[in-house]
Amino acid sequence: MSGFAIEQIQEQMRQLKLVRTAEQLPLLLQDAAKGEVSYSDFLAELLGHELAAKQERHTAMKTTMARFPFQKSLESFDFKFQPSIEPKVVRELATGRFLADADNVLLLGPPGVGKTHLAVALGLRACALGFRTTFVTASGLIASLTRAHTENRLEEKLKLLVQPKLLIIDEIGYLPLERLGANLFFQLVSRRYERGSILITSNQSLAGWGQVFGDQVIATAILDRLLHHSTIVNIKGESYRLKEKRKAGLLTRSEPYTEPERAAAPEQTPT
Ligand code: ADP
Ligand code: MG
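Since the structure is predicted, the reported quantities are computational estimates derived from the model, not experimental observations.

Engineer: So what about helix 11 (residues 216-228)? Which residues, and what values?
Structural biologist: Taking 1.5 Å of rise per residue, the 13 residues of helix 11 would be expected to cover 18 Å, and the 18 Å separating its terminal C-alpha atoms lies within 8% of that figure. Where helix 11 is concerned, the buried positions are I218, A219, I222, L223 and L226. The arc that holds every buried residue of helix 11, seen down its axis, measures 130 degrees, which confines them to one face. Pointing more than 90 degrees away from the buried face of helix 11 are the exposed residues Q216, V217 and D224. Where helix 11 begins, the capping side chain belongs to D215, and its oxygen is found 2.8 Å from the backbone nitrogen of V217.

The following block contains the structure:
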């Protein structure tokens with residue numbers, strides 16, 4: 001086939017938005033000629049390339065839209081370091097079945113045990129599986145709900161927050177909520193109930209949520225909806241950050257928490 005004819009096909013492919021195939025066409029043609037591939041196999045390979053590229057673009061777009069604070073994978077999580085986590089449970093979550101069922105996930109445990117790492121890793125999996133995902137911190141979420149309420153556009157905001165199939169709310173419990181914040185959070189949880197999954201990380205045990213929400217009744221109402229269909233991962237281990245410091249000889253066993261971590265985890269007993 002002449003170079004001109006290939007260029008013409010590439011241009012047509014670009015117009016059809018088959019960008020990846022257009023790029024790889026000369027190589028694909030060369031391989032096909034060498035291997036005496038059948039027409040149908042050649043076409044299947046060509047379309048397979050384009051589909052894979054489309055999938056990658058979708059995942060990349062969903063990942064950008066999710067606004068993760070960083071990117072960490074399940075593969076880089078050391079399950080041996082945190083034996084209280086059953087890998088089987090995390091593997092099941094990674095299939096994304098909980099998202100299809102609009103089930104919730106709670107990752108609970110002291111600072112540094114990998115809650116945010118796992119939340120991000122599961123969020124990335126959700127993006128790769130094609131689920132729309134949003135990552136927020138609890139404090140950022142409450143601030144934006146409160147602002148929307150004050151500016152009379154709470155309804156609009158709640159509608160937006162119901163859209164993603166997975167809403168990750170990181171760090172519930174670091175700061176106690178005001179009455180209004182707790183109420184707005186309850187409204188959000190109610191809206192998403194059985195419609196879309198919420199993945200929450202918290203340094204507080206569920207028994208401490210009454211204090212976090214400043215009101216046992218509202219905490220119970222929130223937990224009632226969150227826990228109805230949910231997976232709870234209770235992480236009872238040592239901080240990974242401190243392990244690394246300890247390894248570097250910067251800490252001894254008698255000082256397990258750095259001050260900010262100790263302040264952030266008043267309920268936790270240092271190991
Ligand atoms: P948490 O949200 O529970 O406070 P993070 O997820 O922020 O903890 O973890 C703190 C740091 O330690 C991060 O850099 C994270 O990637 C790393 N980390 C925590 N646990 C593990 C683990 N089991 N394997 C690999 N890295 C880990
Ligand atoms: Mg965290």
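What follows picks up the thread again.
Engineer: Quick one: what's the story with the sheet that holds strand 3 (residues 166-172), residue by residue and with numbers?
Structural biologist: In a beta sheet, neighbouring strands are held together by backbone hydrogen bonds and run either parallel or antiparallel to one another. An order of 2-3-4-1-5 is seen for the 5 strands of this open sheet, with the pairing classed as parallel. The open sheet is flanked by strand 2 (133-137) and strand 5 (230-234), the only strands paired with a single partner. Taken over all neighbouring pairs, the strand axes of this sheet differ in orientation by 10 degrees on average, direction set aside. The sheet strands contacting helix 11 are strand 1 (104-108), strand 4 (197-202) and strand 5, and the helix crosses strand 5 at an angle near 100 degrees.

Engineer: Describe the site of ligand 1, with residues and values.
Structural biologist: Around ligand 1 lies a shell of 14 residues, among which K72, D78, G112, T116 and H117 are the nearest. Between ligand 1 and G112 there is a distance of 2.7 Å, counted from an oxygen atom to a backbone nitrogen or oxygen. One of the side-chain nitrogen or oxygen atoms of R241 is found 3.2 Å away from an oxygen atom of ligand 1. Expressed as a share of its isolated accessible area of 550 Å², the protein-covered part of ligand 1 is 88%. Going through the elements one at a time, helix 6 (115-128) and helix 12 (240-247) are the ones with two or more residues in the shell around ligand 1. Take the shell around ligand 1: its biggest share by element is 3 residues, from helix 6.

Engineer: I'd like to hear about the environment of S139, residue by residue, with values.
Structural biologist: Mapped onto the elements of the fold, S139 is located in helix 7 (residues 138-150). Along the backbone, S139 and R20 are 119 residues apart, and their C-alpha atoms lie at a distance of 41 Å.

Engineer: Please give an account of the domain arrangement of the chain that cites residues and values.
Structural biologist: When its domains are assigned, the chain resolves into domain 1 (3-64) and domain 2 (67-247). Averaged C-alpha coordinates put domain 1 and domain 2 at centres separated by 40 Å. Listed per partner, the contact involves 5 residues of domain 1 and 9 residues of domain 2. Of the roughly 520 Å² buried between domain 1 and domain 2, counting both surfaces, carbon and sulfur atoms make up 54%. In terms of surface lost to domain 2, no three residues of domain 1 exceed T59, K62 and T63, which account for 83% of the buried area on that side. One can count 0 salt bridges joining domain 1 with domain 2. Here the side of domain 1 that touches domain 2 is composed, by residue class, of no nonpolar, 4 polar and 1 charged.

Parameters and conventions
Residue indices follow the written sequence of each chain, beginning from 1 at its first position. Going through the entries in the order they are written, you letter the chains from A and number the ligands from 1. A pLDDT threshold of at least 70 governs which residues receive local features in this predicted model, and a stricter bar of 80 or more applies before side-chain atom pairs are shown or counted, although totals over entire chains, interfaces and linings include all residues. Where side-chain values are given, they derive from all heavy atoms of the structure, hydrogens and water being excluded. What counts as a helix is a DSSP run of H or I of at least four residues, what counts as a strand is a run of E of at least two, and both are numbered from the N terminus. Here, expected helix span is obtained from the residue count minus one, scaled by 1.5 Å. Accessibility here uses a 1.4 Å probe with only protein chains present; expressed as a share of the type maximum, an area under 20% marks a residue as buried, one over 50% as exposed, and anything in between as partly exposed. The directions from the helix axis to the C-beta atoms form the arc being described. Polar contact is defined as a pair of N or O atoms within 3.5 Å, subject to the rule that within protein one atom must be able to donate a hydrogen and the other to accept it, and that residues adjacent in sequence are counted only when both atoms are side-chain atoms. Criterion used throughout: strands pair if DSSP finds at least two bridges between them. Note on geometry: axes are C-alpha line fits, over the in-contact stretch for helices, and angles between N-to-C directions span 0 to 180 degrees. Only heavy atoms enter the contact rule, under which two residues are in contact if any of them lie within 4.5 Å. Throughout, the term near means that a residue has one or more heavy atoms lying within 4 Å of the molecule or strand in question. Note that accessible areas follow from Shrake-Rupley with a 1.4 Å probe, and for residues the cover is restricted to the protein chains shown. For the purposes of this description, domain bounds are those given by an automatic or database domain assignment. As used here, buried area is the combined drop in accessible area, with a 1.4 Å probe, of two parts when they are placed together. Counted as salt bridges are all cases of a side-chain nitrogen of Lys or Arg within 4 Å of a carboxyl oxygen of Asp or Glu. As a working rule, the residues Ala, Val, Leu, Ile, Met, Phe, Trp, Tyr, Cys and Pro are called nonpolar, Asp, Glu, Lys and Arg charged, and the rest polar, with Gly in that last group.

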